[in-house]
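Commentary on secondary and tertiary structure
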Amino acid sequence: QVQLVESGGGLVQAGGSLRLSCAASGRTFSSYGMGWFRQAPGKERDLVAAISWSGGSTYYADSVKGRCTISRDNAKNTVSLQMNSLKPEDTAVYYCAARRKTMWFITTTVYDYWGQGTQVTVSS
């Protein structure tokens, strides 16, 4: 069982930056691939970025490539998403998610555990 708690969301002007963090419980965090998803009102939940259990592999959706960086610290059981040059279309609830490494691949959208989400609002 893994519990995930996101933080770092908020209101920011277009062009600004935010750093989202996700704290995971449990002693096996390094056994999980991690992902960040977002869901805007009336839209489906989309994969934004993902990182392998070791941190050696990362994936970014085209919509955020070059503006976001996903990272993890297995010693601290945390995964982060640094978002720069934010746009109004980045406005959404952002979720972190975990999937056991034996079942995970870099672009999977199937995850076992989810956080409660953190709101990101980008004003124009």
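Here goes a summary of the coordinates provided. What you are looking at is a predicted structure, and each value in this text was computed from that prediction instead of being measured.

**Some details on the packing of aromatic side chains**
- The full count for this structure, using the stated rule, is 5 aromatic pairs.
- Aromatic side chains Tyr32 and Tyr113 sit 6.1 Å apart centroid to centroid with 70 degrees between the ring planes, which places their arrangement in the edge-to-face category. Of this pair, Tyr32 sits in strand β4 (residues 32-39) while Tyr113 sits in strand β10 (residues 113-114), and the two are 81 residues apart along the sequence. Across the pair, Tyr113 and Tyr32 agree in class, each one buried.
- Pairing Phe37 with Trp114 gives two aromatic rings, centres 4.7 Å apart and planes at 55 degrees, and the pair type is tilted. Within this pair, whereas Phe37 is found in strand β4, its partner Trp114 is found in strand β10, the two being separated by 77 residues in sequence.
- Judged by its relative accessible area of 28%, Trp114 falls in the partly exposed class.

**Remarks on the environment of Ser80**
- Following the sequence through the fold, Ser80 ends up in strand β8 (residues 78-83).
- Residue Ser80 is classed as buried on the basis of its relative accessible area of 8%.
- Setting aside chain neighbours within four positions, we find Ser80 in contact with Arg19, Leu20, Ser21, Trp36, Thr69, Ile70 and Ser71.

**A look at the sheet that holds strand β1 (residues 4-7)**
- Pairing is antiparallel in the open sheet, where 4 strands are placed in the order β1-β3-β8-β7. At either margin of the open sheet sits one strand with a lone partner, and together these are β1 and β7 (68-73). Averaged over all pairs of adjacent strands, the angle between their axes in this sheet comes to 15 degrees, without regard to strand direction.
- When β1 meets strand β3 (residues 18-24), the two strands line up antiparallel, connected through 4 bridges. Bridge pairing in β3 places Glu6 opposite Cys22.

Conventions we followed
- Residues numbered from 1 in each chain as written.
- Predicted model: local features only at pLDDT ≥ 70, side-chain atom pairs only at ≥ 80, totals over all residues.
- Heavy atoms only, no water.
- Phe/Tyr/Trp six-rings, centres within 6.5 Å; stacked < 30°, edge-to-face > 60°.
- Helix = DSSP H or I, 4+ residues; strand = E, 2+ residues; numbered from the N terminus.
- Buried < 20%, exposed > 50% of the residue type's maximum accessible area, 1.4 Å probe, protein only.
- Contact = heavy atoms within 4.5 Å.
- Pairing = 2+ DSSP bridges.
- Axes fitted to C-alpha atoms, helices over the stretch in contact; angles between N-to-C directions.

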